[in-house]
Amino acid sequence: MQVELAESAPRRDELAYRLKQQKLLADFARMALQTEDVARLLQQASELCARGLEAPFCKALEYDPRSDMLVMRGGWGWAPGEVGSATLGADLESPAGYAFHTGESVLSNHLEGETRFRTPSLLREYGIRRAVNVLIDRGGQAQHAFGVLEVDSPDPGDFDAADVDFLSGCARVLGVAIERAHTNQQLREALETQALLTREMNHRVKNSLGVVGGLLRVNANSVTDPVARAALTDAESRILTIARVHDHLWRGANVSEVDLSSFLGELCDKLSVAAGRLEIVCRAEKIVVSADKAIPIGLVVNELATNAVKYAYAEGEAGVVEVQLLRDGEMATIRVRDYGVGVSPDFDLAARRQSFGIRVIMSLVQQLDASFALEPTERGASFLMTFDPR
């Protein structure tokens, strides 16, 4: 239902006038789909509606529940300073307030003789003689109403029902765009909160794993049995590798993905500290994987590089352990190679009698659904793992 839908005065070219309105509305709809800047949307809507109704003034009003007022958030034709500060009453005696509360369009072509509503002081100051108000609705429910879109003119003449329809169409597009912008903002804030919580969780996991690693190191230093000491040291190394993944996630921009090139580089740097005269060299292409894959990948590299440090070279001998990460089409390959004594002739990856470290590696390879093999080399040992990084 509309209030006072007056007959319009004949226009010289009614068809051109309506076609212009349709084009303006289509242009605004396209623009509204391309931006989430609400302030810009309100300003663009104000300009477009003023042009569409050939009026010098338009304002986009937002309801402020704290003051129970309608605040001008976008405007066209008003003096500097009005946008952002000018207010209109939101009660039922105000034309804009009536449109806001009832959802009905309000058309007043003779404000000087208006008896249904009071004329707002802002309109009197600018000599406004006719106005049309429509609701800006964000979601089809009263509690989702944003405010009011109003076009004003001090010139004689009449707005008509087709003008109200044009303005209502603009308000509907504007309402949908505002709701989309607000929803996306809420989603971004929720994702930022989730990322913050995940970073905090990874930070705490990393610290907790560091404490566990420290306890294992203390125990390793306190036992006299060399086998037990080696087992505790290996366990500490595995724990700290997992901690490094969480540290990488905590410090990274993306809490769900790990750049293997930088992570493996850091891991090799850490392993080099305890490698004595051996050099651990990492050459890795930039490949990003999920955190769930990064942990087993890191553990495999840790096991292979640690084994090479322990067994490939004689104690005190200089040497190199190479860690490579290569992209092979949609797959990724990690190669860990040394140039030491190599493996025994009866070495078998599938044999149950293999060391605990090899059994750990094979379990991790299965978890990654990867392929794992010992490459034939003239010198030393070269292990190759191929996996899908996606």
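Our structure is the block above this text.
Basis of the calculations
Residues numbered from 1 in each chain as written. Predicted model: local features only at pLDDT ≥ 70, side-chain atom pairs only at ≥ 80, totals over all residues. Heavy atoms only, no water. Helix = DSSP H or I, 4+ residues; strand = E, 2+ residues; numbered from the N terminus. Contact = heavy atoms within 4.5 Å. Areas by Shrake-Rupley, 256 points an atom, 1.4 Å probe, with all protein chains shown as cover. Salt bridge = Lys/Arg side-chain N within 4 Å of Asp/Glu carboxyl O. Buried < 20%, exposed > 50% of the residue type's maximum accessible area, 1.4 Å probe, protein only. Phe/Tyr/Trp six-rings, centres within 6.5 Å; stacked < 30°, edge-to-face > 60°. Pairing = 2+ DSSP bridges. Axes fitted to C-alpha atoms, helices over the stretch in contact; angles between N-to-C directions.

### Some thoughts on the overall build of the protein
Counting secondary structure elements, the protein contains nine helices and 13 strands. In the protein, of all internal contacts separated by at least 6 residues, the share reaching a separation of at least 24 is 65%. As displayed, the protein has an accessible area near 20000 Å², and 54% of this comes from carbon and sulfur atoms.

### Here we look at the pattern of salt bridges
This model, assessed by the stated rule, comprises 19 salt bridges. Across the pair Arg-180 and Glu-36 runs a salt bridge, and its minimum N-O distance is 3.6 Å. Here Arg-180, found in helix H5 (residues 161-222), pairs with Glu-36, found in the loop between helix H1 (14-34) and helix H2 (38-52); they are 144 residues apart in sequence, far enough to count as distant. By relative accessible area, Arg-180 is classed as partly exposed at 27%. Note on Glu-36: relative accessible area 32%, which makes it partly exposed. When the shortest N-O distance is used, the salt bridge between Arg-390 and Asp-388 registers 2.9 Å. The exposure class assigned to Arg-390 is exposed, which follows from its relative accessible area of 61%. Look at Asp-388 and you get partly exposed, because its relative accessible area is 24%. Linked by salt bridges that have partners in common, Glu-14, Arg-18, Asp-160 and Asp-163 make up one network.

### A few points about the packing of aromatic side chains
Within the structure shown, the criterion is met by six aromatic pairs. Look at Phe-372 and Phe-383: their rings are 5.8 Å apart centre to centre, the planes differ by 10 degrees, and that puts the pair in the stacked class. You can see Phe-372 sitting in strand S12 (residues 371-375) and its partner Phe-383 sitting in strand S13 (residues 382-387), a full 11 residues away along the chain. As far as the burial class goes, Phe-372 and Phe-383 line up, both buried. Three or more aromatic residues link up through ring pairs in this structure, and these residues are Phe-57, Trp-78 and Tyr-126.

### Brief notes about the pairing of S13
For S13, the tally of buried residues reaches six of six residues, placing the bulk of the element in the interior. Residue alternation in S13 divides its side chains into two sets, Ser-382, Leu-384 and Thr-386 and Phe-383, Met-385 and Phe-387, and both sets are buried. For strand S11 (residues 331-338) and S13, the ladder comprises six bridges, and the chain directions are antiparallel. Directly across from Ile-334, in S13, lies its bridge partner Met-385. Counted between consecutive antiparallel strands, the loop separating S12 from S13 contains six residues, among which Gly-380 sits at a positive phi close to 80 degrees.

### So, the sheet that holds strand S2 (residues 69-76)
Across the sheet, six strands lie side by side as S3-S2-S1-S6-S5-S4; this open sheet has antiparallel pairing. Both outer strands of the open sheet, strand S3 (87-89) and strand S4 (106-108), are each paired with one neighbouring strand and no more. In this sheet, adjacent strand axes meet at a mean angle of 25 degrees when their direction is disregarded. Looking at chain direction, strand S5 (residues 130-137) and strand S6 (residues 145-153) are connected through eight bridges and run antiparallel. Bridged to Asp-137 within S6 is Ala-145. In this fold H2 packs onto strand S1 (57-64), S2 and S6, with an angle of close to 70 degrees to the strand it touches most, S2. The sheet strands contacting helix H3 (residues 95-102) are S1, S2, S3, S4, S5 and S6, and the helix crosses S6 at an angle near 145 degrees.

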